[in-house]
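# Chains, contacts and geometry: an overview
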Amino acid sequence: MAGLDLKEQHFTIFYGDVGYSYESIVVPYLQGAKEVIVEDPYIRAVHQIHNFVRFCEAVVKHSTVRRIHLFTSYDDSTPLAEIQDKLNQLKQSLLELDVVLDVELNTNLHDREIRIDNGWVVKIGRGLDFYQKPGGWFEIGSNDLSMRKCLETKVDIFRVEGSEVAG
């Protein structure tokens, strides 16, 4: 990844598009990063937690990030104990790789964005949950998100000069 000429990007992922993954959208902007903040109010259903795990895998595999901070939300129908159990499993798994995961719940959270301590911000309109459910779990794209059909969403990637992630 070193030496890439990174630039701001603003584009739309159209319904049914393939070829988009956390690796292709976010990973190039992780150069030199030590911390990432993910604000996504919808990391509560099982498939949304799976998406977050896949995001964490991409971050750990392709960067020097040592802390991931998740801000998410819940409502009255959210099974908090179940979500906490799953996120605690992920937290322990990341610790074994020397990566700290902090999770904070905020019922007022609405916007979705990924802030990186090197100044880059990635805003995906749908947050991490921009993939269509596959027609079956044994079809192409069920595991490799770059081959999975997407839902329509806008992506904005921009740099905030002089910014640092507060953690």
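Read on for an overview of the structure. (Residues numbered from 1 in each chain as written. Predicted model: local features only at pLDDT ≥ 70, side-chain atom pairs only at ≥ 80, totals over all residues. Heavy atoms only, no water.)

### Points about unusual backbone geometry
What counts, and what does not: In this text, helices come from DSSP runs of H or I with a minimum length of four residues, and strands from runs of E with a minimum of two, each type numbered from the N-terminal end. Throughout this description, buried means an accessible area under 20% of the type-specific maximum (1.4 Å probe, protein chains only), exposed means over 50%, and partly exposed covers the range between.
Look at Asp-98: it is not a glycine, yet its phi comes out positive at around 60°. Structurally, Asp-98 is set in the loop between α3 (80–95) and β4 (100–105). Since its relative accessible area comes to 58%, Asp-98 is described here as exposed.

### A few points about the environment of Thr-78
Condition: Between two residues, a contact is recorded if the distance between any of their heavy atoms is within 4.5 Å.
Mapped onto the elements, Thr-78 comes out in the loop between β3 (67–72) and α3. C-alpha separation for the pair Thr-78 and Ile-140, spaced 62 residues apart in sequence, amounts to 31 Å. Sequence-distant contacts of Thr-78, defined by excluding residues within four places in its chain, comprise Arg-44 and Ile-83.

### Side note on the pattern of salt bridges
As a reminder, the rule being used: Salt bridges are counted wherever a side-chain nitrogen of Lys or Arg sits within 4 Å of a carboxyl oxygen of Asp or Glu.
Inspection of every chain in the model, using the stated rule, returns 6 salt bridges. In this structure, Glu-39 and Arg-115 form a salt bridge, with 2.9 Å as the shortest nitrogen-oxygen distance. Of this pair, Glu-39 sits in strand β2 (residues 35–39) while Arg-115 is found in strand β5 (residues 113–116), placing the two residues 76 residues apart along the sequence. The class for Glu-39 is buried, based on a relative accessible area of 17%. One salt bridge in this structure joins Glu-113 and Arg-115, with 2.7 Å as the shortest N-O distance. By sharing partners, the salt bridges in this structure join Glu-39, Glu-113, Arg-115 and Lys-123 into a single network.

### Details of the side chain of Ser-63
The criterion, for reference: Polar contact is the term for a pair of N or O atoms within 3.5 Å; when the atoms are in protein, one must be able to donate a hydrogen and the other to accept it, and sequence-neighboring residues count only if both atoms are side-chain atoms.
In this fold, Ser-63 is placed in the loop between α2 (46–62) and β3. Among the polar contacts listed, one links the side chain of Ser-63 to the backbone nitrogen of Val-65, at a separation of 3.2 Å.

### Digging into the layout of surface pockets
For the record, the criterion: As defined here, a cavity is a set of points on a 1 Å grid over the protein atoms alone where a 1.4 Å probe fits but cannot get out. A pocket is an open set with protein on both sides within 12 Å along at least five of seven lines, and residues line them when an atom is within 4 Å of a point. Grid points are joined across faces, edges and corners, and a volume is the space filled by probe spheres set on the points. Asp, Glu, Lys and Arg are counted as charged, while Ala, Val, Leu, Ile, Met, Phe, Trp, Tyr, Cys and Pro are counted as nonpolar; the rest, among them Gly, fall into the polar class.
The volume enclosed by the largest pocket comes to roughly 190 Å³. Lining the largest pocket are His-47, His-50, Asn-51, Arg-54, Asp-129, Tyr-131, Gln-132, Lys-133, Pro-134, Trp-137 and Arg-148. Of the residues assigned to the lining of the largest pocket, the class counts are 3 nonpolar, 4 polar and 4 charged. Around the second largest pocket sit Leu-80, Ile-83, Gln-84, Leu-87, Asn-88, Lys-91, Val-103, Glu-104 and Leu-105, which together line it. Those elements that place two or more of their residues in the lining of the second largest pocket are α3 and β4. Broken down by class, the residue content of the lining of the second largest pocket amounts to 5 nonpolar, 2 polar and 2 charged.

### What to know about the side chain of His-69
In this structure, His-69 sits in strand β3. Within the structure, the side chain of His-69 is placed 2.9 Å from the side chain of Glu-104, a separation counted as a polar contact. Once residues lying within four places of it in the same chain are set aside, the contact partners of His-69 are Val-36, Ile-37, Val-38, Asp-102 and Glu-104.

### Notes on the sheet that holds strand β1 (residues 9–13)
To keep things clear, this is the line we draw: Any two strands with at least two DSSP-identified bridges between them are counted as paired. In this analysis an axis means a line fitted to C-alpha atoms, helices contributing only their contacting stretch, and an angle means the value between N-to-C directions, from 0 to 180 degrees.
Taken in spatial order, the 7 strands line up as β1-β7-β6-β5-β2-β3-β4 in an open sheet, and their pairing is mixed. Bordering the open sheet on either side are β1 and β4, each of which pairs with just one other strand. Put simply, the sheet's adjacent strands are angled 10° from each other on average, direction ignored. As defined by bridge partners, β2 adjoins β3 across 5 bridges and the pair is classed as parallel. Across the sheet, residue Val-38 finds its bridge partner in β3, namely Leu-70. Here α2 sits on the sheet and contacts β2, β3, β4 and β5; the angle it forms with β3, its principal contact strand, is near 160°. Relative to the sheet, α3 contacts β3 and β4, its axis offset from that of β4 by approximately 160°.

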